[in-house]
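# Architecture at a glance
One letter stands for each residue in the lines below.
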Amino acid sequence: MTEILSSIGYAEWILHALIWLPILGMGLVLWADEERAKHVAFWWSAGVFVLSLGMWWAFDPGSGVMQMESVAPWIPGWGISYALGVDGISLFMVLLTTLITPLAILGSFEYIRKRERAFYALMLLLEAGVVGVFVATDVFLFYVFFELTLVPMYFIVGIWGGERRIYAAIKFFLYTAFGSLLMLVGILFLFFKAKTALGVPTFALADLLQVPLTGTEQLWLFAAFALAFSVKIPLFPLHTWLPDAHVEAPTPGSVVLAAVLLKMGTYGFLRFLLPLFPVAAQHPTVVLVMMTLAVVGIIFTAWVAAVQPDAKKLVAYTSVAHMGFVVLGIFALTVNGLQGGLVVMISHGISTGALFLLLGMLYERRHTRKIEDFGGIGRVAPLLTTAFIITALASIGLPGTSGFVGEFLALLGAFETHPVLAGIAATGVIFAAYYMLPMVQKVFFNKLDRAENIEVHDLTRRELVILTPLLALMILIGWHPTPLLERMEPSVQVILDRVESASADLEISALPTDTIQAEAVPAVGGDE
Amino acid sequence: MTLDFSRQLHYFWALLPEIVLCSWAMVVLVAGVSGSHAPGRVPDDNGDPTFDGGASLGWLSLAGVLLVALFNGWLYSVHEVDQTGMIAVDGFRLFANWIFLGAAALTILISFSYVRRQRLQAGEFYALILLATSGMMFMAAARDLMVIFLGLEVMSIAVYALTGFNRRDRKSAEAGLKYFLLGAFSTGFFLYGIALTYGATGSTNIALIGAAVAGGGASDGLLTVGVALLLIGFAFKVSAVPFHMWTPDVYEGAPGPVTAFMSAAVKAAAFVAFMRVFLVGFDGVYEAWYPVMWWLAAITMVAANLIALVQSNVKRMLAYSSIAHAGYLLVALTAANQTAAAGLLFYLLVYTVMNMGAFAVVLSVSHQSEERLQIEDYAGFGWAQPLLGVFLTVFLLSLAGFPGTGGFMGKIFLLQGAADSQLWALSIILVLTTVASYWYYLRVAWFMWMKDAGTPGHHDQVEAPFALRVALFASVAIILYLGVFPSGVLSFAQASVAGLGSVGGSLLGVGP
């Protein structure tokens, strides 16, 4: 496989293809007939997925640095380049994106009944944007893609959403734009520093990593970047846009939002926040604040989820809790923690994506999302029920499913540094069972006492095609996570080395680690 | 060729584009009252096969603009001997001329059907646009305060007339009077500022003023008052808060194409002259005017964006939006360095094009008249007229400064200029007010795409005639091109400001 791939120069063009093919597909969809648009979109995105699978083999698992890199000057006057690359962190995010997009498109065949061409075109544009976010190695390029994903999502929620769709869409847009524009000032500050320190204008991440920053500067920049990413994740208390957006978004919108868009935030933590501002990122106060917010988010949203009458809103809140585990794992700053966070990102993408798809399927059958309207679906739709239960169990982290691996590792990592917080967070796993299982029981196992519920039909072939790969992955990752972990580890190690070498600098300069006013610390040296 | 301004004839060559433009305006004016355009025939388009509603005059004016553009391009091959003549032949002026000529061309293109439907005197209308444009070009070319003043007056008087041009519309007349009175008032400030500056420095030549100010040869009290009065005069023209009161009423009342022209080109001309006077003439007293400019920029951005949030009339919303953009541009003036000056030029170019584009669609929606301007009138518009809807969405996203559009690159350019002078607080105000602006730009987008039209066929009457389409396609193409491949124009803008002074960078970290 590797030989075949290298013989066609796969590594050189695949990242470009993954960005530009969906945009080309967008043109095709707009050009197609209204009835054929969805098929064009599905087959096109499925083709993109198949193409992206080659990355699994083309990727060298032993290396932690950027691979398949390609750089072209974009705006040379400002040192901006069109630079792409993947490492063990972005590889899985890219594959998750290319997997979820065709499934979400397939899942919208029944749901989207108006203005189909525009809808599928926007879905493909969204895919291009998200892939761009995950493969950009130039900070400016990253920012462009990061913002660009807002537009298609805004229209997807606002045009095809539910009753309060406009409110949800604008809230989503303003929240995330607010965060990211402050990050833009931070990026320009970094750029300015780089220009002064290195003598050339540059936005390349590798160059910005060389810029010496004082402790105070790191802290401010950390705040600006963390705000942008925390809104996206979303981290408590910035999460209030998420339930609205999820509830109002059409099924495929929710799926993509939960499965990949939220990951852009935690990805930003790993890719930019920790490596660029290691001194701030490991400052005890900062770590404590971030981990506490994560834990509060886990517990708080679990409670909120437990009392939701709307199944979709329930799942939306569980997203906040799961992403809390990711943040917890990341700020543990250990290999286990970071890997755990990454696995939760993947697992949450798969299981929550599947949950939203399943809720969409239930909605198409019953046109309601209220938990109390259902009951006894298990008897009339056994396949649907089985799929839902496996997904729910994976979501709450039952051993043997993907959710367990991630949350276990994240908690393990957190235990190594902050046992008390990790202990509190661990109760979140129990709460997860507390909100998820009663919902499953009410929907699928209570009395089949409503005429509408008796007529619910089981999964169609199309729906089976959507769910099978997701279910298989949940169990596969649950039993055999090693291929994932071994590919992540070198990249995770690179980040941690960088953070630790910054702490070595700290000790040399005898910085009092309990104060923030760490002026004039040469925080980041050339630690390649 | 080389220009030596000790020989008077060489001013002729240096001013060739302006001279050609003025003469062409006369030609259009005369053509407008002769032949088939003779006054008695204009108002009647019922079944008259020879009536073209002034379209031929429009094309004639457009040809003039293109001809002037050629002369403007020719000036690139010309060099001046020293930099103290009354007229500058430098990149800054020529780049600005491209903006004015582009704005004039777009205005003419979007005026065709408006002029016809509103039965305006086409000859006078187009001639006035050309004359206003020549005034702008004088302002950009001026290296002497008196020439700036002349340019300002030529431009302003033409625009006063254009504002009140639609005599059958009371709002237009009101706007014309309002603009004239306040404009005359601000001109007074400006002229007195020139007088005092002359008293302080002994010259009206910007380069000589700069030398006197930098060398300490200026008397402080007079100079301070002079600079302050000039600042107020310019602030009126660029409509910076708190000197913006006239703007919303005038923009709302003026005929649609004129509003587009004013909000883009008039503002651009004022900014270009503003930049040259303060960067070259008053760089020696940067510390004195820097805090004023800082607050002017901050207040303009905040106030304009907040007021725009609650506007329900699209034309008025765009008026406040144009004030907000003036605020962003004032950040460049506050930064006062080479990057900021180049950023100002780049942003003015982008702003002109995107604003013109937005107004072109607004004109279509309002049936080339002054009706259907409420935001509710846009409900369902996108689905009824997908092409116009997509175009307007692009313009709005660009005005909001979204990646992929020229507006984003422009904002990055301005922010870089601010960064070079360490204006971090101002940068943060800029981005935060930008978030606020998302609300009112996206509100139009959500009415267009996310609401259904109240009555079916609500948008059937909307039409985009050929000339307007040309303007729209050109605008969209330029906006997207500058958003994706800004590199060439960027370096061009950077090269264009070479020779202009730079002071902001020398005062790193100074805060008011």
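A quick note: this is a predicted structure, and the numbers were derived from the prediction, not measured.

When helices and strands are tallied, chain A shows 25 helices and two strands. For 528 residues, the compact-globule estimate of 2.2 N^0.38 gives 24 Å, and chain A sits close to it at 22 Å. Each principal axis of the C-alpha atoms in chain A carries an extent, and together these give about 75 × 55 × 45 Å. Expressed as a percentage of the 528 residues in chain A, the buried residues total 66%. Residue pairs in contact within chain A that sit at least 24 positions apart in sequence constitute 81% of those at least 6 positions apart. Accessible surface for chain A amounts to roughly 17,700 Å². Of this, 67% is attributable to carbon and sulfur atoms. Across chain A, the mean location of the 28 positive side-chain charges is 13 Å away from that of the 39 negative side-chain charges.

This next bit is on helix H17 (residues 406-420) of chain B. Residues and elements named next belong to chain B. Spanning 15 residues, H17 covers 21 Å between terminal C-alpha atoms, matching the ideal 21 Å at 1.5 Å per step. With 15 of 15 residues buried, H17 is to be regarded as a mostly interior element. Just downstream of H17 lies Gln422, where phi reads positive at about 60°.

Next up on the list: helix H7 (residues 170-201) of chain B. Residue pairs spaced three or four apart in an α-helix point in one direction, given the helix's 3.6 residues per turn. All names here are of chain B. With 32 residues, H7 should cover 46 Å at 1.5 Å per step; its first-to-last C-alpha distance of 46 Å lies within 8% of that length. For H7, the N-terminal capping position is held by Asp169, with its side-chain oxygen 3.1 Å away from the main-chain nitrogen of Lys171. Gly202 lies just past H7 and shows a positive phi near 80°.

Right, let's get into the side chain of Asp169(B). With respect to the helices, strands and loops of the structure, Asp169(B) is situated in the loop between helix H6 (145-163) and H7. Of the side chains bearing the opposite charge, Lys315(B) lies closest to the buried Asp169(B), which forms no salt bridge; the N-O distance is 6.7 Å.

Moving on to the environment of Ser111(B). Residues and elements named next belong to chain B. With respect to the helices, strands and loops of the structure, Ser111 is situated in helix H4 (residues 91-117). Residues Ser111 and Leu231 lie 120 residues apart in sequence; the distance between their C-alpha atoms is 33 Å. Excluding anything up to four places from it in sequence, Ser111 contacts Phe125, Tyr126, Ile129 and Pro257. Among the polar contacts listed, one links the side chain of Ser111 to the backbone oxygen of Thr107, at a separation of 2.5 Å.

The next subject is the packing of aromatic side chains. Residue and element names in this part refer to chain A. This model, assessed by the stated rule, comprises 73 aromatic pairs over all chains. With a centroid separation of 5.3 Å and 70° between ring planes, the pair formed by Tyr10 and Trp13 is classed as edge-to-face. Linking Tyr10 with Trp13, this pair stays in helix H2 (residues 10-31), spanning three residues, or about one helical turn. In this structure Trp13 comes out as partly exposed when scored by relative accessible area, which is 31%.

Remember that side chains alternate between the two faces of the sheet whenever the strand is regular. Residue and element names in this part refer to chain A. Most of strand S2 (residues 80-86) is tucked away: seven of the seven residues are buried. Burial along S2 is two-sided: Ile80, Tyr82, Leu84 and Val86 and Ser81, Ala83 and Gly85, pointing in opposite directions, are all buried. When strand S1 (residues 67-75) meets S2, the two strands line up antiparallel, connected through six bridges. Bridge pairing in S2 links Ile75 to Ile80. In this structure, the hairpin formed by S1 and S2 is closed by a connection of four residues, where Gly79 is found at a positive phi of approximately 70°.

Residue and element names in this part refer to chain B. In this model, chain B carries a mean pLDDT of 86, and residues with pLDDT of at least 70 account for 93%. Taken element by element, chain B is modelled with least confidence in strand S2 (residues 79-80), mean pLDDT 76, and with most confidence in H6, mean pLDDT 93. Long-range and interchain partners of residues 502-512, a stretch whose pLDDT sits below 50, account for 27 contacts in this model, where long-range means more than four residues apart. Interface scoring of the predicted complex returns ipTM 0.88; its pTM is 0.90.

Okay, the domain arrangement of chain A next. Residues and elements named next belong to chain A. Each assigned domain of chain A is listed with its residue range as follows: domain 1 (1-268) and domain 2 (282-498). Centre-to-centre separation of domain 1 and domain 2, based on C-alpha positions: 22 Å. At the junction of the two partners, domain 1 supplies 46 residues and domain 2 supplies 50 residues. Here domain 1 packs against domain 2, burying approximately 4,100 Å² in sum over the two surfaces, 78% of which is carbon and sulfur. Across the contact surface, domain 1 and domain 2 share eight residue pairs in polar contact (both at pLDDT 80 or more). Mapped by element, the contributors of at least two residues to the side of domain 1 that touches domain 2 are helix H5 (90-107), helix H11 (215-232), helix H12 (241-248), helix H13 (251-261) and helix H14 (263-276). Tallying contributions element by element places H5 first for the side of domain 1 that touches domain 2, with nine residues. Residue composition of the side of domain 1 that touches domain 2, grouped by class: 32 nonpolar, eleven polar and three charged.

Helix-helix packing: each pair is described by the crossing angle between the helix axes and the interaxial distance. Residues and elements named next belong to chain B. Contact geometry of helix H5 (residues 122-141) with helix H11 (residues 256-281) gives a least axis separation of 8 Å together with a crossing angle of 15°. By the angle between their axes, H5 is roughly parallel relative to H11. The handedness of the crossing between H5 and H11 comes out as left-handed. Contact residues: Phe125, Ile129, Ala132, Thr133, Met136, Met139 and Ala140 in H5; Pro257, Val258, Phe261, Ala265, Val266, Ala269, Ala270, Val272, Ala273 and Arg276 in H11. Residues that form the contact of H5 with H11 fall into these classes: 15 nonpolar, one polar and one charged.

What follows covers unusual backbone geometry. Leave glycine aside and you will find that most residues have negative phi; peptide bonds, for their part, are mostly trans. A cis geometry characterises the amide bond from Phe236(A) onward to Pro237(A), with omega recorded as 0°. By the element assignment, Pro237(A) lies in the loop between H11 and H12. Following Val241(B), the chain continues into Pro242(B) via a peptide bond in cis, with omega recorded as 5°. Relative to the assigned elements, Pro242(B) resides in the loop between helix H9 (220-237) and helix H10 (246-253).

Another aspect to go through is the environment of Gly397(A). Residue and element names in this part refer to chain A. Along the chain, Gly397 falls in the loop between helix H20 (382-396) and helix H21 (402-417). Among the residues examined, Gly397 registers a relative accessible area of 10% and is labelled buried. Taking the C-alpha atoms as reference points, Gly397 and Trp220, 177 residues apart in sequence, are found 36 Å from one another. If we ignore the near neighbours within four places in the chain, the residues touching Gly397 are Gly403, Phe404 and Glu407.

Within this structure, the stated rule accounts for 19 salt bridges over all chains. Across the pair Arg365(A) and Glu463(A) runs a salt bridge, and its minimum N-O distance is 2.7 Å. Residue Arg365(A) is found in helix H18 (residues 335-366), and its partner Glu463(A) is found in helix H24 (residues 461-479); the two are separated by 98 residues along the sequence. Per residue, the accessibility class of Arg365(A) equals that of Glu463(A), and both read buried. Counted as one network, the salt bridges with shared partners bring together Lys171(B), Glu174(B), Lys178(B), Asp249(B), Glu252(B) and Arg316(B).

Across the contact, 36 residues belong to chain B and 34 residues belong to chain A. Taken over both partners, the interface formed by chain B and chain A buries close to 3,300 Å², and the fraction arising from carbon and sulfur atoms is 81%. Per-residue buried area on chain B facing chain A is highest for Trp383(B), Gln416(B) and Met450(B); these three make up 21% of the total on that side. At the junction of chain B and chain A, the tally comes to one salt bridge.

All names here are of chain B. Examined against the element boundaries, His325 turns out to sit in helix H13 (residues 314-335). C-alpha separation for the pair His325 and Ala495, spaced 170 residues apart in sequence, amounts to 24 Å. When near neighbours in sequence (up to four residues on either side) are disregarded, His325 contacts Tyr347, Tyr351, Met354, Leu399 and Tyr441. Within the structure, His325 has its side chain in polar contact with the side chain of Tyr441 (distance 3.1 Å).

Thresholds applied
- All residue numbers refer to position in the chain's written sequence, counted from 1.
- Labels are handed out in written order, letters beginning with A for the chains and numbers beginning with 1 for the ligands.
- Reporting in this predicted model follows two pLDDT cut-offs: at least 70 for local features of residues, and 80 or more for side-chain atom pairs to be given and counted; totals over whole chains, interfaces and linings ignore these cut-offs and use all residues.
- The basis for every side-chain value is the complete set of non-hydrogen atoms in the structure, without hydrogens or water.
- Helix and strand definitions follow DSSP, with helices as H or I runs of at least four residues and strands as E runs of at least two, each counted in order from the N terminus.
- Atoms counted for the radius of gyration: C-alpha only. Globule rule: 2.2 Å times residue count to the power 0.38.
- For each residue, the accessible area found with a 1.4 Å probe, counting protein chains only, is set against the maximum for its type, and the residue is called buried under 20%, exposed over 50%, and partly exposed in between.
- For this analysis, residues touch if any pair of their heavy atoms sits within 4.5 Å.
- For every accessible area listed, the method is Shrake-Rupley and the probe measures 1.4 Å; residues are considered covered only by the protein chains on display.
- A positive count includes Lys and Arg, and a negative count includes Asp and Glu. His and the chain ends are not counted in either.
- By convention, the charge on Lys lies at NZ, on Arg at CZ, on Asp at CG and on Glu at CD.
- The span you would expect from a helix comes to 1.5 Å times its residue count less one.
- Two N or O atoms count as a polar contact when they lie within 3.5 Å, although within protein this holds only if one can serve as hydrogen donor and the other as acceptor, and sequence-adjacent residues are included solely when both atoms are side-chain atoms.
- Any Lys or Arg side-chain nitrogen located within 4 Å of an Asp or Glu carboxyl oxygen qualifies as a salt bridge.
- What counts as a ring pair is set by centres within 6.5 Å for rings of Phe, Tyr and Trp (its six-membered ring), and what kind of pair is set by the plane angle: stacked under 30 degrees, edge-to-face over 60, tilted for all other angles.
- A pair of strands is treated as paired once DSSP finds two or more bridges between them.
- Values of pLDDT, the confidence the predictor places in each residue, fall between 0 and 100.
- Each domain's extent is set by a domain assignment, obtained either automatically or from a database.
- Accessible area that two parts lose when put together, evaluated with a 1.4 Å probe and summed over both, is termed the buried area.
- We call Asp, Glu, Lys and Arg charged. Ala, Val, Leu, Ile, Met, Phe, Trp, Tyr, Cys and Pro are nonpolar, and the rest, Gly among them, are polar.
- Note on geometry: axes are C-alpha line fits, over the in-contact stretch for helices, and angles between N-to-C directions span 0 to 180 degrees.
- The scheme is simple: roughly parallel for angles under 35 degrees, roughly antiparallel for over 145, roughly perpendicular for 65 to 115, oblique for anything else.
- By definition, any crossing whose near helix is turned counterclockwise from its far helix by less than a right angle is left-handed, and any crossing with a clockwise turn is right-handed.

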